[in-house]
Amino acid sequence: MPEIIRIDDADDPRLAPYRQIRERDLVGRQHRFIAEGRVVLNVLLGHARFEAESLLLLENRVDGVSDLLARAPDGLPVYVASQPILDAVAGYHVHRGVLGVGRRTDARDLDAFVAALPRRALVLVLIGISNHDNVGAIFRNAAAFEADAVLLDETSCDPLYRKAIRVSVGAVLKVPHWRGGTAEALLARLANAGFDCLALSPRGARDIAELAPQERTALLLGSEGSGLPADLLARLTTVRIGMSAGFDSLNVATAGAIALHRLWRGAGKDGAS
């Protein structure tokens with residue numbers, strides 16, 4: 001069982017990773033990140049690519065998460081505090097009362113990551129998407145439509161930011177992902193691995209509903225407003241989502257969900273329409 005430790009001082013040094021997490025984030029510090037809420041912690045404790053370093057619980061939530069604690073590694077520190085202590089440490093009102101510090105354990109490079117993908121694979125590639133809400137929603141969609149991985153270029157935000165994880169309902173910890181490098185480097189590696197790379201754009205040449213997915217498909221999504229870079233659009237197969245003639249754009253996460261569903265059903269997956 002984990003080790004339950006009562007905390008009565010907001011300045012306790014053991015809570016340093018949780019301090020003022022509203023104003024800053026742990027991402028980039030020894031591969032650590034903040035997990036918030038019961039659903040996210042349930043995912044964290046169940047996936048080998050990540051490990052829990054500690055938990056911080058509101059005192060009246062301990063009994064309600066006893067099933068999660070039963071799955072926690074032996075000796076995992078579980079800090080328990082009152083609401084005032086928890087709020088003082090975190091820097092905001094932690095109404096869920098359930099926090100954890102996780103650590104990424106998968107340190108594969110891009111070549112190894114792509115090489116590990118299945119023979120038949122659907123991959124999302126995010127270029128320049130820096131909004132945490134959009135990234136979190138995209139990962140939730142990726143999990144719903146069984147994407148095998150998400151690649152993010154170096155200009156996209158890290159999906160292990162607390163808000164992105166929360167918006168994804170833990171999907172960031174479920175869907176394998178790799179972040180770094182340029183869009184060109186990501187596309188070159190995917191092309192070498194036999195992926196058909198499709199660029200989603202309101203001005204795409206083909207309606208995605210008419211497209212037959214290949215055995216290995218990579219779908220590129222760009223930032224809202226500027227979209228994908230013009231040089232990429234000029235070189236890749238471009239696809240669009242058919243919609244009203246009087247309106248030609250969708251939120252990137254919404255567009256990604258529709259496109260993923262088309263590719264998912266087109267690949268013969270079962271599921272409700």
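Residues numbered from 1 in each chain as written. Predicted model: local features only at pLDDT ≥ 70, side-chain atom pairs only at ≥ 80, totals over all residues. Heavy atoms only, no water.

Enquirer: What exactly am I supposed to notice about the side chain of Asp12 here?
Expert: Mapping Asp12 onto the fold places it in the loop between β1 (3-6) and β2 (32-36). Residue classification places Asp12 among the buried residues on the basis of a relative accessible area of 12%. If near-sequence neighbours (up to four positions away) are discounted, Asp12 is found in contact with Ile7 and Arg19. (Helix = DSSP H or I, 4+ residues; strand = E, 2+ residues; numbered from the N terminus. Buried < 20%, exposed > 50% of the residue type's maximum accessible area, 1.4 Å probe, protein only. Contact = heavy atoms within 4.5 Å.)

Enquirer: Got a minute to help me understand the sheet that holds β2 in this structure?
Expert: The pairing of strands in a sheet comes from backbone hydrogen bonds and takes either a parallel or an antiparallel form. Strand order in the open sheet formed by five strands is β1-β4-β3-β5-β2, with mixed pairing between adjacent strands. Both outer strands of the open sheet, β1 and β2, are each paired with one neighbouring strand and no more. Geometrically, the sheet is characterised by an average inter-axis angle of 25 degrees between neighbouring strands, direction not taken into account. In the sheet, strand β3 (residues 50-58) pairs with strand β5 (residues 98-104) via seven bridges, with the strands oriented antiparallel. Opposite Ser54, over in β5, you have Val101 as the bridge partner. (Pairing = 2+ DSSP bridges. Axes fitted to C-alpha atoms, helices over the stretch in contact; angles between N-to-C directions.)

Enquirer: Can you walk me through the pairing of strand β11 (residues 216-222) in this structure?
Expert: Each regular strand displays side chains that alternate between the two surfaces of the sheet. Along β11, seven of the seven residues are buried, which leaves the element largely enclosed by surrounding structure. Of the two faces of β11, the one carrying Arg216, Ala218, Leu220 and Gly222 and the one carrying Thr217, Leu219 and Leu221 are both buried. One ladder, built from seven bridges, connects strand β6 (residues 121-127) with β11; its direction is parallel. Directly across from Leu126, in β11, lies its bridge partner Leu221.

Enquirer: Sorry if this is basic, but what is going on with the pattern of salt bridges here?
Expert: It is possible for side chains bearing opposite charge to pair when their charged atoms get close. Tallying each qualifying case throughout the model produces 14 salt bridges. A salt bridge links Glu59 to Arg6, with the shortest nitrogen-to-oxygen separation between them at 2.7 Å. Note that Glu59 is positioned in the loop between β3 and α2 (66-71) and Arg6 in strand β1, a separation of 53 residues in sequence. Classification of Glu59 as partly exposed rests on a relative accessible area of 39%. Judged by its relative accessible area of 43%, Arg6 is partly exposed. Residues Glu53 and Arg32 are paired through a salt bridge, measuring 2.8 Å at the closest nitrogen-oxygen approach. With Glu53 in strand β3 and Arg32 in strand β2, this pair connects stretches of sequence that are 21 residues apart. A residue is classified by how much of its surface remains accessible, and Glu53, at 23% relative accessible area, is partly exposed. Three or more residues are tied together by salt bridges with common partners; here these are Arg32, Glu51, Glu53 and Arg103. (Salt bridge = Lys/Arg side-chain N within 4 Å of Asp/Glu carboxyl O.)

Enquirer: Hey, could you run me through the side chain of Arg32 in this one?
Expert: With relative accessibility at 16%, the residue Arg32 sits in the buried group. Within the structure, the side chain of Arg32 is placed 2.8 Å from the side chain of Glu53, a separation counted as a polar contact. (Polar contact = N/O pair within 3.5 Å; in protein donor to acceptor, adjacent residues only side chain to side chain.)

Enquirer: I'm lost on the nonpolar core in this one. Help?
Expert: Grouped burial of nonpolar side chains is what soluble globular proteins tend to show. Within the largest apolar cluster, 55 residues are counted, with the highest numbers of intra-cluster contacts made by Leu173, Leu219 and Leu221. Counting residues per element, this core draws most heavily on helix α9 (residues 252-266), at eight residues. For Leu173, the residues in contact, after removing those within four places along its chain, are Phe33, Val40, Val43, Leu44, His47, Arg49, Phe50 and Leu160. In this structure, Leu117, Ile127, Leu151 and Ala199 belong to the second largest nonpolar core, which totals 24 residues. (Core = buried A, V, L, I, M, F, W, Y, C linked by side-chain atoms within 4.5 Å.)

Enquirer: I would appreciate a short explanation of a nonpolar patch on the surface in the present structure.
Expert: Side chains of Met243, Phe247, Leu250 and Ile258 sit close together on the surface and give an oily, nonpolar patch of about 340 Å² of accessible area. Along the polypeptide, Phe247 turns up in the loop between β12 (237-240) and α9. A relative accessible area of 54% means that Phe247 is categorised as exposed. (Patch = residues over 30% accessible without salt bridge, like charges linked within 9 Å, V, L, I, M, F, W, Y side chains within 5 Å. Areas by Shrake-Rupley, 256 points an atom, 1.4 Å probe, with all protein chains shown as cover.)

Enquirer: I keep staring at the packing of aromatic side chains and nothing clicks. Help me out?
Expert: Two measures describe an aromatic ring pair: the distance that separates the ring centres and the angle between the ring planes. Scanning the model with the defined rule gives two aromatic pairs in all. Each ring, one from Phe33 and one from Phe50, has its centre 5.5 Å from the other, and the planes form 90 degrees; the classification is edge-to-face. Within this pair, whereas Phe33 is found in strand β2, its partner Phe50 is found in strand β3, the two being separated by 17 residues in sequence. Overall, Phe50 belongs to the buried group, its relative accessible area being 3%. (Phe/Tyr/Trp six-rings, centres within 6.5 Å; stacked < 30°, edge-to-face > 60°.)

Enquirer: Got a minute to help me understand the confidence of the model for the protein in this structure?
Expert: Caution is warranted with low-pLDDT regions, since their predicted coordinates should not be read in detail. In this model, the protein carries an average pLDDT of 90, and 93% of its residues clear a pLDDT of 70 or more. Taking the mean pLDDT of every element in the protein, the minimum, 89, falls on β2 and the maximum, 98, on strand β7 (residues 149-152). (pLDDT = per-residue confidence, 0-100.)

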